[in-house]
Structure formats: structure tokens, C-alpha cells
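# Residue-level structural notes
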Amino acid sequence: MIFQNNDRIVFAGDSVTDMGSTNPIGEGLCENVGRGYVRLVESFLSAYYPEILTRVTNAGISGNTSRDLLARFDRDVVSLNPDWVSICIGINDVWRQFDCPAIPDGHVMPEEYRNNVEEMILKVKDKVKGIFILSPYYIESNHDDFMRKRMNEYVKISKELAEKHGCRFVDFQKVFEDYCKIRHSAYIAWDRVHPNQVGSMLMAKAFLEQCDFDFNKWYAWGWNQMRKIGINLDAYSGLEDST
């Protein structure tokens with residue numbers, strides 16, 4: 001697992017990161033870190049790796065575009081001296097082009113999006129242990145849908161920037177695409193954007209998979225504890241191998 005004791009992880013983004021967190025910075029008890037994927041990431045880390053103290057900070061603010069996030073990035077991310085930074089932005093860059101088409105000055109077009117995200121990366125690249133780029137997404141299986149086609153452009157840009165700067169890339173669009181081959185998008189997000197707990201779980205799992213997180217850690221711990229107290233595991237050998 002890549003996180004070390006006392007590492008601070010700052011999650012920057014929009015409403016899908018925010019999810020009811022304390023603004024502009026949410027951390028600590030209760031719902032301060034929100035109720036979305038950030039909260040689940042923190043919970044998984046604490047449950048599976050109690051010996052490692054990780055400080056999880058939610059710097060998501062609902063409604064933000066990449067332009068908005070860049071404007072507050074120094075205050076809400078850089079100044080916190082994080083060890084790891086996660087950037088999940090771009091949904092509103094696309095969405096405003098469709099729900100507010102008559103307000104073009106609020107639209108963040110692809111090239112500006114690229115420049116905004118790259119500037120954020122460069123602000124912390126030499127100061128942190130690592131950066132996560134979490135792709136924007138639109139949970140729509142119809143690839144001919146106008147907003148889905150537009151979102152694909154921003155997903156592609158986010159992946160290109162992650163590869164260019166050696167960031168860890170999490171493709172939320174693909175995560176939801178794969179899930180929706182089995183269940184309809186309404187099951188995880190009524191508006192195709194804001195996930196419920198099932199959708200948030202998918203996001204948290206995808207993030208942790210990029211952290212060398214061992215989801216079988218407690219299985220191994222359990223078998224070892226059973227051995228220590230003298231339980232004969234011969235009858236369970238098949239189950240142990242399956243973990």
C-alpha cells in the first residue's frame with residue numbers, strides 16, 4: 001500500500017467529491033469529509049490499515065469547474081502541504097455547455113480544461129509523493145448522446161495529462177461503463193452524475209486499486225489468528241486458497 005503513516009491526502013474537485021463535506025476544507029469526525037467516495041476511501045483505509053494513520057482532507061466544492069478549482073487551488077490544496085493530491089474535475093466544464101447553453105462565458109472548453117488541469121498538476125508535482133487524476137464522467141451508455149460524446153473528449157484529456165506527468169489515473173468513465181452493462185445508470189445516479197452509495201463504492205474501489213490496496217488483507221489476518229489460537233484449518237484449506 002502506497003500510503004505511509006501520517007500521510008495527508010487532499011481530494012480536490014466538484015460536487016461528486018464534495019458530497020456534503022465541510023467547505024472549503026472538510027476532515028475529521030461525522031460527515032465533515034462528506035458522504036461520497038472520499039468518505040469511503042477514508043473508511044477503507046482506517047478499517048484495513050489501522051496501523052497507518054492517513055489524514056484525509058476533502059477540498060471539493062459543489063458546482064466547481066476546472067476554472068473555479070484552479071482559482072482556489074493554492075488556498076485549498078497547495079497551502080495544506082499535502083503528501084498526495086487527487087484531482088477530480090471536469091464534469092461541470094461539460095455540463096454547463098448543455099444546461100446553460102446561453103451563458104458561454106461559463107463554459108470551459110477542452111483546451112482551457114487541459115491548461116487548467118495541467119497548471120494544477122504543475123503547482124504540486126514537485127512537492128508531493130504523487131498525484132491522482134480521476135477522470136470526469138457522464139453515466140450514459142449511449143455513446144451517441146451529445147453530452148456523453150463531449151465528456152469523452154475531457155476524459156481523453158485527463159488521461160493524456162496523467163500519462164504526460166506520471167500521475168496515477170483512475171478512469172471513472174470506464175468504471176461506470178462496465179457496471180452499466182449489467183445495471184441501468186438510474187440504479188447508481190438518478191441524474192447520471194451524482195452517485196449514491198453504490199456508485200460511490202465503485203469510485204472508492206477504483207481509487208484504492210491505484211494505491212496497491214490489499215482488499216484481501218483481513219482474510220490473511222483472519223487465517224493467521226485462527227492458527228494462533230490452535231484451530232485446525234485442514235477442513236478449510238480450499239477456502240484459504242481461494243482468498
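Right, let's walk through the structure included here. (Residues numbered from 1 in each chain as written. Predicted model: local features only at pLDDT ≥ 70, side-chain atom pairs only at ≥ 80, totals over all residues. Heavy atoms only, no water.)

## A look at the overall build of the protein
A tally of regular secondary structure across the protein gives 10 helices and five strands. Relative to its 243 residues, the protein shows a buried fraction of 51%. For the protein, restricting intrachain contacts to residue pairs at least 6 apart in sequence, the fraction spanning at least 24 positions comes to 74%. Put simply, the protein shows about 11,800 Å² of open surface, and 53% of that area lies on carbon and sulfur atoms. (Helix = DSSP H or I, 4+ residues; strand = E, 2+ residues; numbered from the N terminus. Buried < 20%, exposed > 50% of the residue type's maximum accessible area, 1.4 Å probe, protein only. Contact = heavy atoms within 4.5 Å. Areas by Shrake-Rupley, 256 points an atom, 1.4 Å probe, with all protein chains shown as cover.)

## Examining the sheet that holds strand β2 (residues 54–60)
Strand order in this open sheet of five strands is β2-β1-β3-β4-β5, and the pairing throughout is parallel. Lying at the two open borders of the sheet, with one neighbouring strand each, are β2 and β5 (168–170). Each neighbouring strand pair of the sheet contributes to a mean axis angle of 15 degrees, computed without reference to strand direction. One ladder, built from three bridges, connects strand β4 (residues 130–134) with β5; its direction is parallel. Each residue of the ladder has a partner; that of Phe132, found in β5, is Arg168. Those strands touched by helix α5 (residues 110–124) are β3 (84–88) and β4, and its axis lies near 160 degrees from that of β4. (Pairing = 2+ DSSP bridges. Axes fitted to C-alpha atoms, helices over the stretch in contact; angles between N-to-C directions.)

## Overview of the side chain of Gln173
With respect to the helices and strands, the residue Gln173 is situated in helix α7 (residues 172–179). A polar atom in the side chain of Gln173 sits 2.9 Å from the backbone nitrogen of Tyr138. Sequence-distant contacts of Gln173, that is, excluding residues within four places in its chain, are made with Ser135, Pro136, Tyr137, Tyr138, Arg148, Met151, Asn152 and Val155. (Polar contact = N/O pair within 3.5 Å; in protein donor to acceptor, adjacent residues only side chain to side chain.)

## Thoughts on the packing of aromatic side chains
The tally for this structure, following the rule as stated, stands at 17 aromatic pairs. For the ring pair Phe44 and Tyr48, a centre distance of 5.9 Å and an interplane angle of 40 degrees mean the geometry is tilted. You can see Phe44 and its partner Tyr48 sitting in helix α2 (residues 37–48), four residues apart, about one turn around the helix. On the accessibility criterion, Phe44 (17% relative accessible area) is buried. When its relative accessible area of 18% is taken as the criterion, Tyr48 is described as buried. Among the aromatic residues, ring-to-ring pairing joins Phe3, Phe11, Tyr37, Trp84, Phe132, Tyr137, Phe172, Phe176 and Phe207 into one connected group. Here the guanidinium or amino end of Arg183 rests over the ring plane of Tyr187, the centre of that ring lying 4.5 Å away. (Phe/Tyr/Trp six-rings, centres within 6.5 Å; stacked < 30°, edge-to-face > 60°. Lys NZ or Arg CZ within 6 Å of the ring centre and 35° of its normal.)

## So, α5
Along an α-helix, residues three or four positions apart point the same way, because every turn accommodates 3.6 residues. Here α5 is 15 residues long and its end C-alpha atoms lie 22 Å apart, about the 21 Å a rise of 1.5 Å per residue gives. All of the buried residues along α5 are Pro110, Tyr113, Asn116, Val117, Glu118, Met120, Ile121 and Val124. On its buried face, α5 sits against α3 (66–76), β3, α4 (91–99), β4 and α6 (146–165). (Expected span 1.5 Å × (residues − 1).)

## Section: the pairing of β4
Both faces of the sheet carry side chains from a regular strand, because those side chains alternate between them. Most of β4 is tucked away: five of the five residues are buried. Along β4, one buried face is formed by Gly130, Phe132 and Leu134 and the opposite face, lined by Ile131 and Ile133, is buried too. In terms of strand pairing, β3 meets β4 through five bridges, oriented parallel. Of the residues in β4, the one forming a bridge with Ile87 is Ile133. Between the parallel pair β4 and β5, the chain is carried across by α6, and the sense of this crossover is right-handed. (Right-handed = clockwise from strand over helix to strand, strands pointing away.)

## A closer look at unusual backbone geometry
Along the chain, Asn23 connects to Pro24 via a cis peptide bond; the corresponding omega equals 5 degrees. Its place among the elements puts Pro24 in the loop between α1 (15–18) and α2. A positive phi is found at Met19, a non-glycine position, where the angle reads about 45 degrees. In this fold, Met19 is placed in the loop between α1 and α2.

## Quick word on the packing of α5 against α6
Two numbers describe a pair of packed helices, the interaxial angle and the distance between the axes. With their axes 10 Å apart at the nearest point, α5 and α6 run at an angle of 30 degrees to one another. Overall, the two elements α5 and α6 adopt an arrangement that is roughly parallel. The handedness of the crossing between α5 and α6 is right-handed. Along the contact surface, α5 presents Pro110, Tyr113, Arg114, Val117, Glu118, Ile121 and Leu122, while α6 presents Arg150, Glu153, Tyr154, Ile157, Ser158, Glu160, Leu161, Lys164 and His165. (Parallel < 35°, antiparallel > 145°, perpendicular 65-115°, else oblique. Left-handed = near helix turned anticlockwise from the far one by under 90°.)

## A look at α2
The terminal C-alpha atoms of α2 lie 16 Å apart, and with 12 residues this matches the ideal 16 Å at 1.5 Å per residue to within 8%. Residues of α2 that are buried: Tyr37, Val38, Leu40, Val41, Glu42, Phe44, Leu45 and Tyr48.

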